[in-house]
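What follows is the residue order along each chain.
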Amino acid sequence: MTDSAPAFTIRPARTGDVQRIQELVEPLVQRRILLGKETVTFYEAVQEFRVAEDTDGRLIGCGALHVMWSDLGEVRTLAVADEWLGRGVGRALLGRLEADARDLGLSRLFCLTFEVGFFARNGFEDMGAETVDPQLYAELVRSHDEGVAEFLDLARVKPNTLGNTRMLKRL
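Predicted model only: the values in this text are computed from it and were never measured.

J.: Residues and numbers for the overall build of the protein chain, please.
T.: A count of helices and strands for the protein chain gives seven helices and seven strands. Scanning the protein chain from its N terminus toward the C terminus, one meets helices and strands in the order β-α-α-β-β-β-α-β-α-β-α-α-α-β. When burial is assessed residue by residue, the protein chain has 47% of its 171 residues classed as buried. Summarising the internal contacts of the protein chain: among those between residues at least 6 apart in sequence, 69% fall at separations of at least 24. Surface summary for the protein chain: the accessible area is close to 9500 Å², and the carbon and sulfur share equals 51%.

Written out as structure tokens, the structure is:
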């Protein structure tokens, strides 16, 4: 009989996880899959992160949910250790972030990604030229958050996001 229990668990991140989160993300930054972030940014957003850890307590994945508006959130910094790719860690982290989004009352999730296949398999669709209504745009454009600028497809973020696909999922 095989053990069907997952070989990892998902939990909220703690400040003590920030160094390992950075270590998970750095290879993806080097490969230009994720945008780099300063250490202080990870600490400021630690409450947005969920982490996956193996049965020995080692962090093997991470992901964050950032609220952008009353009904809209962004999946950020979804990363899985190379040796754990293809074993359901990313899907489990995304599922937890989606559950968190529903708990917060969000009905749409945005991501900016090179991993189009993964997100498409999990219900996200290419936003294409989709825009928000002018009144919401006027509110969101006031934000200093780079994720909001990416969602709005503002020119100031284009040099850092060339080749990424803006995707959306309705919950």
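J.: Tell me what's going on with unusual backbone geometry, and back it up with residues and numbers.
T.: At R32, a position not held by glycine, the phi torsion is positive, near 60°. Along the polypeptide, R32 turns up in the loop between helix 1 (18-30) and helix 2 (39-44). Non-glycine residue T77 carries a positive phi angle of around 50°. For T77, the location among the structural elements is in strand 4 (residues 72-80). Look at T77 and you get buried, because its relative accessible area is 8%.

J.: How would you sum up the pattern of salt bridges? Please name residues and give values.
T.: Note on pairing: side chains with opposite charge can pair once their charged atoms come close. Scanning the entire structure with this criterion turns up 11 salt bridges. Of the charged contacts, one joins D82 and R31 as a salt bridge, the two residues approaching to 3.5 Å between their closest N and O atoms. Remark: R31 occurs in the loop between helix 1 and helix 2 and D82 occurs in the loop between strand 4 and helix 3 (89-104); sequence separation between them is 51 residues. For D82, a relative accessible area of 46% puts it in the partly exposed group. Between R108 and D71 there is a salt bridge, and its shortest N-O distance comes to 3.1 Å. Of this pair, R108 sits in strand 5 (residues 108-113) while D71 sits in the loop between strand 3 (59-69) and strand 4, placing them 37 residues apart in sequence. Ionic contacts of the salt-bridge type, sharing partners, join the residues R11, D17 and E53 into one network.

J.: Would you mind going over the nonpolar core in detail, with residue names and values included?
T.: Core analysis: the largest hydrophobic core is formed by 38 residues, its most contacted members being I21, V75 and F119. Mapped onto this core, the elements with two or more residues apiece are helix 1, strand 2 (49-54), strand 3, strand 4, helix 3, strand 5 and helix 4 (116-121). Not counting chain neighbours up to four residues away, the residues in contact with I21 comprise A13, F42, F49, V51, L59 and C62. Core analysis: the second largest hydrophobic core is formed by seven residues, M68, F110, L112 and F151 among them.

J.: I'd like a rundown of helix 3, residues and numbers included.
T.: Here helix 3 spans 23 Å end to end across 16 residues, near enough to the 22 Å set by a 1.5 Å rise per residue. Considered for burial, the residues of helix 3 that qualify are V89, G90, L93, L94, L97, E98, D100 and A101. G105 sits one or two residues past helix 3 and shows a positive phi near 90°.

Conventions used here
- Residues numbered from 1 in each chain as written.
- Predicted model: local features only at pLDDT ≥ 70, side-chain atom pairs only at ≥ 80, totals over all residues.
- Heavy atoms only, no water.
- Helix = DSSP H or I, 4+ residues; strand = E, 2+ residues; numbered from the N terminus.
- Buried < 20%, exposed > 50% of the residue type's maximum accessible area, 1.4 Å probe, protein only.
- Contact = heavy atoms within 4.5 Å.
- Areas by Shrake-Rupley, 256 points an atom, 1.4 Å probe, with all protein chains shown as cover.
- Salt bridge = Lys/Arg side-chain N within 4 Å of Asp/Glu carboxyl O.
- Core = buried A, V, L, I, M, F, W, Y, C linked by side-chain atoms within 4.5 Å.
- Expected span 1.5 Å × (residues − 1).

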